[in-house]
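# Structure assessment
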There are 2 protein chains.
Amino acid sequence: MAYVFRQATSDDCEVLMSLIQEIATYHHLQDDVTINAQVLKADGFGEDPFYKCILAELPVENGCKKASPVGYALYFFGYNVNHGRMVYLENLYVVSEFRGKGIGKQLMAKVAEVALAAGCMDMKFMTMEWNRRAKEFYLRLGAHDTTESEQLHCMELGTDALRRLAQDGKEP
Amino acid sequence: MAYVFRQATSDDCEVLMSLIQEIATYHHLQDDVTINAQVLKADGFGEDPFYKCILAELPVENGCKKASPVGYALYFFGYNVNHGRMVYLENLYVVSEFRGKGIGKQLMAKVAEVALAAGCMDMKFMTMEWNRRAKEFYLRLGAHDTTESEQLHCMELGTDALRRLAQDGKEP
């Protein structure tokens, strides 16, 4: 079947949000989701968008007015001080019953195409080491695990730490 | 001494580039740097900037027309499908003779301030596990090592892999 790949628009935020909820539930992280469709719309389709998204859909069939989404790739552009422009793949998801059909690879290929057209030299992303299926998929596409090869560790400062830090910076 | 912290402008790209070369040389990666000051200018100060940068400078003294840069924090905004807006700290650098004076923390605090004002909930970045001094600095600021706590691995697709992937996506 020929799936349709296209840039998400603000009209897709409800359906995108339902897929985000689905993946969070799959990872037992549903309580961790603090955004909603309105936030997604404001953050992705305002004046300074924080992300871009490519949707995979089943083609619209006769008698059916709306296409069914079967996956998405959410990404944003960034920078590397050595190589310049790069793309960061935040999240890739394919609805479970549509896995194994090449949709994930096609989504990655579309992001690669957009990224190269924007002058990006690298794609970065993170993966959970326990998710062997995802990791092997990325390795097959030519990705390197830079945590293994270069001892790179992912670090995170949460909201409370950010607030404390910003406050400390204001004090004389 | 009261250092000056301010957003970099396109006029700072020459000096920013010299600091980027300095850090690359420190890491024996000088041959890895493929950008130059013109590229930095185009990528950071055009219509759709790929990064933002805060500079730390020595205050301008009497008789001296130009401030001396002593460090920078280069960052960009991104997104997390669970929490929404976030900031990605690409690179933090303080010139060696000015280390241990709190300039790195002040740079981080300025990025935190800008990020919170933009509605970001988290800061993400990577650090080399062997760079104990950097790692301990980040942990003291309240950062978590999510490679250790959540088995998150950093992954990268280089230019050749991106091109192959984009090409594969175009073939029927």
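What counts, and at which threshold
Residues numbered from 1 in each chain as written. Chains lettered and ligands numbered in written order. Predicted model: local features only at pLDDT ≥ 70, side-chain atom pairs only at ≥ 80, totals over all residues. Heavy atoms only, no water. Helix = DSSP H or I, 4+ residues; strand = E, 2+ residues; numbered from the N terminus. Buried < 20%, exposed > 50% of the residue type's maximum accessible area, 1.4 Å probe, protein only. Contact = heavy atoms within 4.5 Å. Areas by Shrake-Rupley, 256 points an atom, 1.4 Å probe, with all protein chains shown as cover. Lys, Arg positive; Asp, Glu negative; His and termini not counted. Charge placed at Lys NZ, Arg CZ, Asp CG, Glu CD. Pairing = 2+ DSSP bridges. Axes fitted to C-alpha atoms, helices over the stretch in contact; angles between N-to-C directions. Salt bridge = Lys/Arg side-chain N within 4 Å of Asp/Glu carboxyl O. Least-squares fit on C-alpha atoms with pLDDT ≥ 70 in both. Phe/Tyr/Trp six-rings, centres within 6.5 Å; stacked < 30°, edge-to-face > 60°. Expected span 1.5 Å × (residues − 1). Arc of directions from axis to C-beta. pLDDT = per-residue confidence, 0-100. Right-handed = clockwise from strand over helix to strand, strands pointing away.

## What to know about the overall build of chain A
Broken down by element type, chain A carries 6 helices and 7 strands. When the helices and strands of chain A are placed in sequence order, the string is β-α-α-β-β-β-α-β-α-β-α-β-α. Taking the principal axes of its C-alpha atoms as reference, chain A extends roughly 70 × 40 × 35 Å. Taking all 172 residues of chain A together, 51% fall into the buried category. The long-range share in chain A, meaning contacts at least 24 apart out of those at least 6 apart in sequence, stands at 56%. Only carbon and sulfur atoms are counted for the fraction: they give 49% of the accessible area of chain A, which is about 8400 Å². Each charge sign in chain A was given a centre, from 18 positive and 24 negative side chains, and these centres are 5 Å apart.

## Side note on the sheet that holds strand β1 (residues 4–7) of chain B
If you walk across this open sheet you meet the 7 strands as β1(B)-β2(B)-β3(B)-β4(B)-β5(B)-β7(A)-β6(B), and the pairing is mixed. Each of the sheet's edge strands pairs with one partner strand only, and the pair in question is β1 and β6 (144–145) of chain B. Pairing of strand β3 (residues 68–80) of chain B with strand β4 (residues 84–94) of chain B involves 10 bridges; the strand directions are antiparallel. Residue pairing for β4(B): B:Ala73 is matched across the bridge by B:Leu92. Sheet strands touched by helix α6 (residues 159–170) of chain A: β7 (152–157) of chain A together with β5 (122–128) of chain B. Its angle to β7(A), the strand with the most contacts, is close to 75°.

## Description of the pattern of salt bridges
Within this structure, the stated rule accounts for 17 salt bridges over all chains. With a shortest N-O distance of 2.7 Å, A:Glu57 and A:Arg6 are connected by a salt bridge. Here A:Glu57 is found in strand β2 (residues 52–58), whereas its partner A:Arg6 is found in strand β1 (residues 4–7), with 51 residues between them in sequence. Assessed through its relative accessible area of 8%, A:Glu57 is described here as buried. Using a relative accessible area of 28% as the deciding quantity, one classes A:Arg6 as partly exposed. B:Asp145 is the salt-bridge partner of B:Lys135, the closest N and O atoms lying 2.8 Å from each other. Of the two residues, B:Lys135 is situated in helix α4 (residues 132–140) and B:Asp145 in strand β6; the sequence distance between them amounts to 10 residues. In this structure B:Lys135 comes out as buried when scored by relative accessible area, which is 2%. Residues joined in a network through salt bridges with shared partners are A:Glu129, A:Arg132, A:Lys135, A:Asp145 and A:Glu148.

## Some thoughts on the relation of the copies chain A and chain B
With an RMSD of 0.0 Å, chain A superimposes on chain B once it is rotated by 180° and translated 0.0 Å along the axis. Classification of the inter-copy transformation places it as that of a two-fold axis. A symmetric contact is evident, with 100% of the interface residues of chain A recurring at the interface of chain B.

## Focus: the sheet that holds strand β3 (residues 68–80) of chain A
Pairing is mixed in the open sheet, where 7 strands are placed in the order β1(A)-β2(A)-β3(A)-β4(A)-β5(A)-β7(B)-β6(A). Pairing within the sheet leaves two strands with one partner each, and these edge strands are β1 and β6 (144–145) of chain A. Contacting β2, β3 and β4 (84–94) of chain A, helix α1 (residues 13–26) of chain A runs over the sheet at an angle of about 85° to β3(A). This element, helix α3 (residues 103–117) of chain A, spans β1, β2, β3, β4 and β5 (122–128) of chain A together with β7 (152–157) of chain B of the sheet and lies at about 160° to β4(A).

## Points about the packing of aromatic side chains
Applying the stated criterion to the full structure yields 20 aromatic pairs over all chains. An angle of 85° between the planes, with centres 6.0 Å apart, marks the rings of A:Phe45 and A:Tyr51 as edge-to-face. Classification of A:Tyr51 as buried rests on a relative accessible area of 2%. When the centroid spacing of 4.6 Å and the interplanar angle of 35° are considered together, the rings of A:Tyr79 and B:Tyr51 count as tilted.

## Section: helix α6 (residues 159–170) of chain B
A rise of 1.5 Å per residue sets the reference length of α6(B), with its 12 residues, at 16 Å; its end C-alpha atoms lie 17 Å apart and thus fit the reference within 8%. Burial in α6(B) covers these residues: B:Thr159, B:Ala161, B:Leu162, B:Leu165, B:Ala166 and B:Gly169. Projected onto a plane normal to the axis of α6(B), the buried residues spread over an arc of 165° and lie on a single side. Pointing more than 90 degrees away from the buried face of α6(B) are the exposed residues B:Asp160 and B:Arg164. Close packing links the buried residues of α6(B) with α3 and β5 of chain A together with β7 of chain B.

## Description of the environment of A:Leu107
Residues and elements named next belong to chain A. For Leu107, the location among the structural elements is in helix α3. Given a relative accessible area of 0%, Leu107 falls into the buried group. Taking the C-alpha atoms as reference points, Leu107 and Glu171, separated by 64 residues in sequence, lie 47 Å from one another. Leu107 has contacts with Phe5, Ile54, Leu55, Ala56, Gly71, Tyr72, Ala73, Leu92, Tyr93 and Val94, leaving out every residue within four places of it along the chain.

## Quick word on the confidence of the model for chain A
A residue-level look at chain A finds 97% of positions with pLDDT of 70 or above and a mean pLDDT of 94. We note a pTM of 0.95 for the whole complex and an ipTM of 0.94 for its interfaces.

## Observations concerning the pairing of β4(A)
Residue and element names in this part refer to chain A. With 10 of 11 residues buried, β4 is to be regarded as a mostly interior element. Hairpin geometry of β3 and β4 is characterised by an intervening segment of 3 residues between the two adjacent antiparallel strands. Pairing analysis gives 3 bridges linking β4 to β5, with the strands arranged parallel. Directly across from Tyr88, in β5, lies its bridge partner Lys124. Handedness of the crossover joining β4 and β5 through α3 is recorded here as right-handed.

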